[in-house]
Amino acid sequence: MTVRAGADLSVALGRLHLPLPTIMGSGCYGSGEEYASFIDLENIGAVVLKSVTRMPRLGNPTPRLVQTPSGLLNAIGLQNPGVEWYLEHEVGKFSERPCAIIGSVAGFSVDDYAYVTQRLAARDEIDAIEINISCPNVASDGETFACDPKLTSRVVTLVRDLTDKTLIVKLSPNVTDIAGIAREAEAAGADALAVINTVRGMAIDVDVWQPRLGNRTGGLSGPAIRPIAVLAVYEVACAVKIPIIGQGGIETTTDALEFFLAGASAISIGTANFTDPRVPLQIAHGLERYLLGRKLNALRDIVGKANHGFSGPHQYEGDQG
Amino acid sequence: MTVRAGADLSVALGRLHLPLPTIMGSGCYGSGEEYASFIDLENIGAVVLKSVTRMPRLGNPTPRLVQTPSGLLNAIGLQNPGVEWYLEHEVGKFSERPCAIIGSVAGFSVDDYAYVTQRLAARDEIDAIEINISCPNVASDGETFACDPKLTSRVVTLVRDLTDKTLIVKLSPNVTDIAGIAREAEAAGADALAVINTVRGMAIDVDVWQPRLGNRTGGLSGPAIRPIAVLAVYEVACAVKIPIIGQGGIETTTDALEFFLAGASAISIGTANFTDPRVPLQIAHGLERYLLGRKLNALRDIVGKANHGFSGPHQYEGDQG
Amino acid sequence: MPPDQSQASVHRAAITDRTELAKGVILLGIHAPELVRVTKPGHFLLAIPPSGERCATALGIYEAQAERASILFFVCGSRTRELADLAVSEYLEVAGPLGNGFDLSGQPKNVAIVAGGVGIASVLLPAQRVAEYGGRVQLYYGARTQALLVDAEKFERYGCVLNLATDDGSSGFDGYVTELLAQTEEVPDLILACGPTPMLHAAAKVASRMRVRAQLSLEETFACGVGACWGCVVPISRASAQAPRFPMLSTDGSRSDSVYARVCKEGPVFWADELRW
Amino acid sequence: MPPDQSQASVHRAAITDRTELAKGVILLGIHAPELVRVTKPGHFLLAIPPSGERCATALGIYEAQAERASILFFVCGSRTRELADLAVSEYLEVAGPLGNGFDLSGQPKNVAIVAGGVGIASVLLPAQRVAEYGGRVQLYYGARTQALLVDAEKFERYGCVLNLATDDGSSGFDGYVTELLAQTEEVPDLILACGPTPMLHAAAKVASRMRVRAQLSLEETFACGVGACWGCVVPISRASAQAPRFPMLSTDGSRSDSVYARVCKEGPVFWADELRW
Ligand SMILES: Cc1cc2nc3c(=O)[nH]c(=O)nc-3n(C[C@H](O)[C@H](O)[C@H](O)COP(=O)(O)OP(=O)(O)OC[C@H]3O[C@@H](n4cnc5c(N)ncnc54)[C@H](O)[C@@H]3O)c2cc1C
Ligand SMILES: Cc1cc2nc3c(=O)[nH]c(=O)nc-3n(C[C@H](O)[C@H](O)[C@H](O)COP(=O)(O)OP(=O)(O)OC[C@H]3O[C@@H](n4cnc5c(N)ncnc54)[C@H](O)[C@@H]3O)c2cc1C
Ligand SMILES: Cc1cc2nc3c(=O)[nH]c(=O)nc-3n(C[C@H](O)[C@H](O)[C@H](O)COP(=O)(O)O)c2cc1C
Ligand SMILES: Cc1cc2nc3c(=O)[nH]c(=O)nc-3n(C[C@H](O)[C@H](O)[C@H](O)COP(=O)(O)O)c2cc1C
Ligand code: FES
Ligand code: FES
């Protein structure tokens, strides 16, 4: 565990140790290369790669983006070259990245997840696996994996057996009881939870009487969803003991602190990179200043401190003062 | 049905006919009196009263409000004098209001809903009843009525039998499948659906390490949730034939049009009144201008026009060109 | 705090003058004769955001004379920044006057007015009122630093005796303004205070030690600002004349001694000894 | 459009000059020598919002000479309003240059440049470039009304022949600028166009009728603006040199003729006859 000068911002997610708790959200950061001319990737904790599927995907029809008040609606539709091409042409380059690389797996059947996870996890360049279970399950009426505790459990159990690397399960907020899904994911062997993926939404063009997105519906990200995300982290942190990667609308150090205090051990930054690519660096510095200002040595000392029912993460239990 | 000069903005919600489709959201508009010095209440369609419960309630501890990006988190906690006092001291005054008055009923058991509905609906001053089923059910582990299709069905079936007045059921967005809940409410006899109530959220004070709201969690309203609300209306409109009152972040005519085009027959304005009390009037004028600009005679001609799976409301079926 | 029947309405007011009293402290004069006519000391208004985004902003009515009213505010976020951008002869729309102001009906002779920071914006009108009926005002005015002690001369012009304090000692007393108040030997007949919540708590304590009643103008986050939403409440004694007259029970069915009153409607001014915060 | 290897970075640039060319049309000069050094005609930049709110704004690089670059924009929403509020000697942070610009490697002799409205912001650099290698530019420049035909003299100075059009006939040709292009008898060797999407569609049609190839600089809503998110894509022919080289299959597993390219990365400039929009 690298200790930075000043305060210890490091975090352990299963076997994965990151010197910094700032993780770039899947789909928002390419493979890191796209941002390398704007920020030194050494100064971020990890990049979660764009989600990959078994087969190549053309993605959704255009338009794929709409701005909304303090938010961004997107419907990319998992455009990606498919895992084979990806392994052959892309993954090799990731060894050059000076930060951890987390593969993101998407699928439309339990088999898909297993196949892609196994293939990706086998590569040394990939430090951990995140499974994005917010995809519709083709085999069961298109119901989203992340919306069904049983499906969640089946997928996680299966992929857990396929790799010893850190397994992160990314949860959807579009459910009645996110804590229940979180418990299933933990029981099935997840090492960490990413909370939350985008919130489903829509915008309509009142001139042409059509949804603005080619895909009609999309996922809402950005500051608009931050209160929703903070609550989701708070509730999941009461329900599980594994670490949580908080995300949804984080733009500033204060935003990030809300998530740590709610019970997140790390944070993920997506949309804010589109405002200013230096945000992850600013937040890392800001966290350090905050801790030093309060004479605290380590970020983990504040995890869950605003959470009255905080129950995780177990690797920190010794520190809970 | 009053036809306004210019374009017909009227709407029928069960037996309730409103000359204007602008309904002031429950909890946001008092009983209308508070806004009467800023806007002529003749120019709004209806006021939904603050939700009333069987017993008086002190409401939540303070603070009860937090501003968030493009949103407002509130946790009032149903502060109200209880239905008896309300009937005795308040309801009599409502006959002076030059707009329709819709009573809002909240409860913590099926019995509560029945009792309060019966008492309120018996009064002539109350033109319709909205039931706010986003309250936790005390009898079943605090689960929210609006999150359980069976509970929804039981409550609606029971109150339906108690009044001939228009019965509106207000749905919560905090569910996996809002369309499923909507279908239950329709089947149980609701005349209209209010879509959506606030989205659950939280904000944390990073200085004092506490949730900002006295109640810890609150409900998010305002423009931040508009994309979520538009999609909810779109999906509910595909699932039911009864009219929908769209709400969540409506501030301008364009916002309102998104909801009508998604399938709402009327709209509700809450938080935007806090920005400018003249918003409901501006929207009514704006809708009229929009229709005239497109040579349309009636607002109902655009209901659901951006919705590819639109299935309601049945009273408009004849007009669907 | 006598329950005023609101004569509030929306006013479209041209900006008559704009002064940056200190960095980030703006005084905006507006042409609003109708507003002036019905404004009482301690009233506030809601500034409707020019761009139509976000909630209206509650601001004390600083001055109100003839055709001109004014507001005085600190730029601390997007709403006040937007107001600071307004130029002379542009329009600002305001809803008001709102709330129940200070109660000076007893015409107390010696009044101590305590203002912290931007709290100064709500206490010029009561100071003026006291001068009008021949009373005397000791103004206790504190700010973080000298530059933020704005417009004090105006209070002198109305005959107030100034007692200044700064947190950093750059002007006047070095410390909190309530400490300065506590040191006075002239015990006033009444204390009026407006400022940040911790200052109001301190002022209430000093007043109670002095055995002088105090009226505090509270600040709370508002949603509606007109009494419609019950979002801005503060606990007060059930016995207070400002306590809502309807039943309020705790969730356990008990009848607590304190009930909630709305800062925007029953307040913003409350008797310190009736607050249960 | 030759695949540039991006030399982009974040530049903190002082504002050197600010001109309101017409109501709501702002020209901002910035001191950014490093940016200028690597800028090519058709490149754009991302203006990082000074207040830190909302996405960065994509803007064409209008001028780029020695130490000074400039941007030219229409105030149409909160982001451009914020940029318009910047004053000389304040700082603007920009990330760039980004994208692949116009391809003038063949040094075409007669170039028609078509600009609609704010599209003018992306075509001064290519006009300059053509003049540099000794080519001739016919500028077809259209706007809603005369006042919005901004800075045309600057193009004249670089030897462009002006052909103006306004939608309301207040200046030049009465109608769309693409209609004016269609009427020309001098058939150019190459057409470059930038403007609103309907104008680009029309320009592409005219070009194809003329049997002249056209390069269009597209506008799309961006999220990242740097090729990371695949949000800004446009369908283009699989055969295009700008088509991404990796497999793309439709959901039904079929291999369509068109694939998606990123406007911010492979574009914003595309060959009209390769677009499948
Ligand atoms: C009855 C009443 C009367 C008021 N009268 C006045 C008045 O006359 N003049 C005036 O300037 N304000 C007054 N206020 C306060 C004013 O309404 C708020 O400061 C205003 O909401 C700020 O809006 P904003 O959008 O600019 O800042 P926000 O975005 O709401 O706040 C920006 C940030 O500044 C912080 N902040 C807020 N207020 C302060 C403060 N005072 N000092 C330091 N940090 C702060 C907030 O916590 C937040 O983080 C009054 C409030 C009430 C309830
Ligand atoms: C590669 C590229 C280069 C660009 N170069 C320039 C440039 O050099 N100069 C420039 O001004 N813009 C340019 N744009 C467009 C610019 O990025 C957008 O106009 C900008 O996002 C507006 O931001 P905003 O927040 O001010 O408005 P938004 O809030 O994004 O939009 C406000 C409203 O205006 C509407 N709107 C947006 N654009 C226009 C328009 N052009 N005309 C009329 N209504 C509109 C929108 O539909 C929206 O309703 C470019 C875009 C791209 C992709
Ligand atoms: C354009 C865009 C594309 C995204 N693509 C993916 C994806 O492929 N897989 C995934 O798990 N999440 C994806 N996300 C979700 C983000 O990783 C993140 O969880 C979400 O945006 C919330 O965080 P933010 O508000 O910081 O962006 C995407 C988000 C955006 C904005
Ligand atoms: C302060 C406040 C109090 C509310 N109280 C109630 C309530 O008592 N009952 C209810 O059904 N909805 C209540 N709501 C929800 C609103 O009626 C409305 O459904 C929601 O705010 C979304 O619309 P908006 O974004 O236009 O405000 C309340 C909302 C706010 C902001
Ligand atoms: S802010 Fe709504 S009651 Fe005071
Ligand atoms: S905007 Fe992200 S790839 Fe172009």
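Just so it is clear, the structure is predicted and the values come from calculations on it, not from any experiment. (Residues numbered from 1 in each chain as written. Chains lettered and ligands numbered in written order. Predicted model: local features only at pLDDT ≥ 70, side-chain atom pairs only at ≥ 80, totals over all residues. Heavy atoms only, no water.)

### Section: the state of the cysteines
- In total, this model carries zero disulfides over all chains according to the counting rule given.
- Sulfur of C238 of chain A: no disulfide; nearest cysteine sulfur belongs to C147 of chain B and is 17 Å away. (Disulfide = S-S within 2.5 Å.)

### Comments concerning the domain arrangement of chain C
Residues and elements named next belong to chain C.
- Each assigned domain of chain C is listed with its residue range as follows: domain 1 (9–98), domain 2 (110–217) and domain 3 (233–274).
- Computed over C-alpha atoms only, the centres of domain 2 and domain 3 are separated by 26 Å.
- Across the boundary between the two partners, domain 2 contributes seven residues, which contact seven residues of domain 3.
- Carbon and sulfur atoms make up 54% of the area that domain 2 and domain 3 hide from each other, which totals about 650 Å².
- Counting the surface domain 2 buries against domain 3, the share from its top three residues, R213, Q215 and L216, is 67%.
- In this structure, D273 engages R213 in a salt bridge whose closest nitrogen and oxygen atoms are separated by 2.9 Å.
- Where domain 2 touches domain 3, the interface holds three residue pairs in polar contact (both at pLDDT 80 or more).
- A total of four residues in the side of domain 2 that touches domain 3 trace back to one element, the largest contributor, which is strand β13 (residues 214–217). (Domains from an automatic or database assignment. Contact = heavy atoms within 4.5 Å. Buried area = accessible area lost by both parts, 1.4 Å probe. Salt bridge = Lys/Arg side-chain N within 4 Å of Asp/Glu carboxyl O. Polar contact = N/O pair within 3.5 Å; in protein donor to acceptor, adjacent residues only side chain to side chain. Helix = DSSP H or I, 4+ residues; strand = E, 2+ residues; numbered from the N terminus.)

### Section: the sheet that holds strand β11 (residues 199–201) of chain A
- Read across the sheet, four strands follow the order β5-β6-β14-β11 (chain A) without closing on themselves; strand pairing throughout is antiparallel. Two strands bound the open sheet, and with one partner strand each, they are β5 (65–68) and β11 of chain A. For this sheet the average axis-to-axis angle between neighbouring strands, irrespective of direction, equals 35°.
- Judged from the three bridges that link them, β11 of chain A and strand β14 (residues 218–221) of chain A form a sheet pairing that is antiparallel. By the bridge assignment, V199 of chain A is partnered in β14 of chain A with L220 of chain A.
- Strands in contact with helix α5 (residues 226–239) of chain B are β5, β6 (71–74), β11 and β14 of chain A; relative to β11 of chain A, the strand with the most contacts, it is inclined by about 65°. (Pairing = 2+ DSSP bridges. Axes fitted to C-alpha atoms, helices over the stretch in contact; angles between N-to-C directions.)

### Details of the site of ligand 4
All names here are of chain B.
- Close to ligand 4 lie 21 residues; S26, S51, K170, G249 and T271 are nearest.
- At 2.8 Å from an oxygen atom of ligand 4 is found a side-chain nitrogen or oxygen belonging to Q247.
- G249 is positioned such that a nitrogen or oxygen atom in its backbone is 2.6 Å from an oxygen atom of ligand 4.
- Compared with its free state, where it exposes 600 Å², ligand 4 has 97% of that area covered by protein. (Near = heavy atom within 4 Å. Areas by Shrake-Rupley, 256 points an atom, 1.4 Å probe, with all protein chains shown as cover.)

### Remarks on the interface of chain A and chain D
- Residue-level contacts link 31 residues of chain A with 39 residues of chain D.
- Of the roughly 2,900 Å² buried between chain A and chain D on both sides combined, carbon and sulfur atoms contribute 63%.
- Between E93 of chain D and R278 of chain A there is a salt bridge; the shortest N-O distance is 2.6 Å.
- Linking chain A with chain D are six residue pairs in polar contact (both at pLDDT 80 or more).
- Residue composition of the side of chain A that touches chain D, by class: 15 nonpolar, ten polar and six charged. (Nonpolar A, V, L, I, M, F, W, Y, C, P; charged D, E, K, R; others polar.)

### A short note on empty space enclosed by the protein
- Enumeration over the complete set of coordinates arrives at three cavities of 30 Å³ or more.
- Counted as a void, the largest cavity has a volume near 60 Å³.
- N273 and P277 of chain A together with L46, A95 and C224 of chain D are the residues nearest the centre of the largest cavity, which is lined by 13 residues in total.
- Its residues placed into classes, the lining of the largest cavity shows ten nonpolar, two polar and one charged.
- Taken as a whole, the second largest cavity spans an internal volume of roughly 50 Å³.
- As for the second largest cavity, its lining consists of Y35, F38, N273, F274, T275 and P277 of chain B together with L46, I48, A56, A95, C224 and V226 of chain C.
- Tallied by class, residues from the lining of the second largest cavity come to ten nonpolar, two polar and no charged. (1 Å grid on protein atoms, 1.4 Å probe; cavity = no way out; pocket = protein on both sides within 12 Å on 5 of 7 lines; lining within 4 Å. Points joined across faces, edges and corners; volume = space filled by probe spheres on them.)

### Examining the environment of V10 of chain D
- As for its position among the elements, V10 of chain D is in strand β1 (residues 9–22).
- Residue classification places V10 of chain D among the partly exposed residues on the basis of a relative accessible area of 22%.
- For V10 of chain D, the contacting residues outside a window of four places in its chain are F38, P277 and R278 of chain A together with I48, V94 and A95 of chain D. (Buried < 20%, exposed > 50% of the residue type's maximum accessible area, 1.4 Å probe, protein only.)

### Concerning the packing of helix α6 (residues 253–262) of chain B against helix α7 (residues 279–293) of chain B
Residue and element names in this part refer to chain B.
- Running from N to C, α6 and α7 cross one another at 65°; their axes reach a closest spacing of 9 Å. The angle between α6 and α7 falls in the class roughly perpendicular. Seen along the crossing, α6 lies across α7 with a hand that is right-handed. Only Q282, I283, G286, L287 and Y290 of α7 make contact with α6, whose side of the interface consists of T253, A256, L257 and F260. (Parallel < 35°, antiparallel > 145°, perpendicular 65-115°, else oblique. Left-handed = near helix turned anticlockwise from the far one by under 90°.)

### Digging into the site of ligand 3
- Near ligand 3 there are 22 residues, and of these S26, S51, K170, G249 and T271 of chain A occur at the shortest range.
- Chains contributing residues to the immediate surroundings of ligand 3 are chains A and D.
- The contact in question runs from an oxygen atom of ligand 3 to an N or O atom on the backbone of G222 of chain A, over 2.9 Å.
- When ligand 3 is considered free in solution it has 600 Å² of accessible area, and contact with the protein chains removes 97% of it.
- Residues that form the shell around ligand 3 fall into these classes: five nonpolar, 15 polar and two charged.

### Here's the deal with the pairing of strand β9 (residues 136–143) of chain D
Residues and elements named next belong to chain D.
- Within β9, seven of the eight residues are buried, which leaves it mostly tucked inside the rest of the structure.
- Two strands pair when backbone bridges link them, and strand β8 (residues 110–116) and β9 are joined in this way by seven bridges, in the parallel orientation. Following the sheet pairing, G116 is matched in β9 by G142.
- Crossover β8 to β9 through helix α3 (residues 124–132) is right-handed.
- For β9 and strand β10 (residues 161–166), the ladder comprises six bridges, and the chain directions are parallel. The residue of β10 that forms the bridge with A143 is T166.
- Remark: the β9/helix α4 (residues 152–157)/β10 crossover connection has right-handed handedness. (Right-handed = clockwise from strand over helix to strand, strands pointing away.)

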